[in-house]
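For reference, the chains in residue letters:
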Amino acid sequence: MTQNPHDLARRLADRAETVCRHYLSSGRREGGYWLVGDVRNTPGRSMYVRLKDTPKGPAGKWTDAATGEHGDLLDVIRESCGLLDFKDVTDEARTFLSTPPPEPESRQQPRQSPAPHGSPEAALRLVRMSQPIYGTLVQAYLRERGITDLRGTGSLHFHPRCYYRPDEHSPTETWPAMIAAVTDLDGKITGAHRTWLDPRSRDKAPVDTPRRALGDLLGNAVRFGISGEVMAAGEGIETVLSLRQVLPDMPMLAALSAAHLAAILFPDTLRRLYIVRDNDPAGDGARDTLIERANATGIEAIVISPELNDFNEDLRTLGLDVLRMEARLQIAPTDVARFMALAA
């Protein structure tokens, strides 16, 4: 019989202590709990796994008191084994449980092929295991980049120890990371974007590729604010958040790359789109494609260009007042009054 993730989690919970002894071998049992340092099997006592169903909650649920992370035994398998794709997690769980793989597709619901950089399910679990950014390294990182007004940034999260591997043959490292939820027009999480951070410099981690995304990205984006008749769209998270320092009430999205910016889906309510351009050939290409697509659907497209390479560089180099003036000169007068009221 085919098992969905819920079934697998329940079967693992029925054998919670055995799962813990296998995947969290650095810990030990105390009463009705398994105690260990963290979900990555570090020695210690800050994480506790419930071994039996109790009035306080079901077996298999765990919480790390030091970080606030929590989850089930599928999360334990994912983190302790350093797995990224959810399919790999369920395969490992079935192997542990001696469960046969899912039945052939004739007995299954149709499913899309996994995204190249990981499944939407893996992205959803990563977001859920992360925590709010206030008071964390993510807030400090953004502050270092001149981004202090964080209104409407609920799509951003912090993971204290996010796995990083340069390639599939390299050992796994752990770094703190900013986790950004990628959502579709209905608000469903379809992907996640990771920016690994260095706690000493409050900058990106010193790794080859400090930014990576997983899940279903095409047409979707990291969103700030609720879409309406007016919206701004750009490539990078920091670029978009920089513009929000002077237009804090304007809904915006970060598509994460020029190619994905050109392919964003338009909300039905959208009437005017501000294209937040990066000053490079890829940004020019995204701009031209978006203008053509918007005009074809009756949406007014207005390009906002930075003085330097992007708006975060403008914010950090030229300052907030210059950035405010740049935006004021490039957006429609009605939107100055509507979205820049405090600076008028």
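These figures come from a predicted structure and were not determined experimentally.

A. Looking closely at the nonpolar core. Among the nonpolar cores identified, the biggest contains 42 residues, and Leu 142, Leu 156, Ile 237, Leu 243, Leu 247 and Tyr 274 are the most heavily contacted of them. Broken down by element, the residue count for this core peaks at five residues, all from helix α6 (residues 137-144). Setting aside residues up to four positions removed in sequence, Tyr 274 forms contacts with Val 230, Met 231, Ala 232, Ala 233, Met 250, Ile 302, Ile 304, Gln 330, Ile 331, Ala 332 and Asp 335.

B. Summary view of the pattern of salt bridges. Taken as a whole and assessed by the stated rule, the structure comprises 26 salt bridges. Where Arg 161 meets Glu 69, a salt bridge forms, and the shortest distance between an N and an O atom there is 3.7 Å. One end of the pair, Arg 161, is in strand β6 (residues 156-164); the other, Glu 69, is in the loop between β4 (62-64) and β5 (70-71), and 92 residues separate them in sequence. Judged by its relative accessible area of 1%, Glu 69 falls in the buried class. A salt bridge links Asp 149 to Arg 151; the nearest nitrogen and oxygen atoms lie 2.6 Å apart. Of the residues examined, Arg 151 reaches a relative accessible area of 42% and is grouped as partly exposed. Taken together, the salt bridges that share partners define one network made up of Asp 38, Arg 40, Asp 64, Glu 69, Arg 78, Glu 79 and Arg 161.

C. Here's a closer look at the UniProt feature "domain: Toprim" (unreviewed entry) in the chain. UniProt marks residues 231-319 with the feature "domain: Toprim" (unreviewed entry), using the numbering shown here. Helix makes up 42% of residues 231-319 and strand makes up 19%, while its end C-alpha atoms are separated by 24 Å.

D. View of the sheet that holds strand β3 (residues 47-50). Spatially, β1-β2-β3-β4-β5 is the arrangement adopted by the five strands of the open sheet, whose pairing is antiparallel. Here the strands that pair on one side only, and so sit at the sheet edges, are β1 (28-30) and β5. As paired strands, strand β2 (residues 33-36) and β3 are joined by four bridges and run antiparallel to one another. Its bridge partner lying in β3, Leu 35 is registered against Tyr 48.

Calculation rules
- The residue numbers shown here count from 1 along each chain, following its written sequence.
- Residue-level local features of this predicted model are given only where pLDDT is at least 70; pairs of side-chain atoms are given and counted only at 80 or more, and the full residue set underlies all totals for whole chains, interfaces and linings.
- Based on all heavy atoms of the structure, the side-chain values leave hydrogens and waters out of the count.
- Here the nonpolar core consists of buried residues drawn from Ala, Val, Leu, Ile, Met, Phe, Trp, Tyr and Cys, with membership extended through side-chain atoms lying within 4.5 Å.
- Exposure is judged per residue with a 1.4 Å probe applied to protein chains only, and the accessible area is read against the type maximum: over 50% gives exposed, under 20% gives buried, and values in between give partly exposed.
- Put simply, DSSP H or I for four residues or longer makes a helix, DSSP E for two residues or longer makes a strand, and each gets a number counted from the N terminus.
- Throughout, a residue-residue contact means that at least one pair of heavy atoms, one from each residue, lies within 4.5 Å.
- A pairing counts as a salt bridge when a side-chain nitrogen of Lys or Arg comes within 4 Å of a carboxyl oxygen of Asp or Glu.
- UniProt positions are given in the numbering used here, feature names are shortened, and annotations may be inferred rather than shown by experiment.
- At least two DSSP bridges between two strands are required for those strands to pair.

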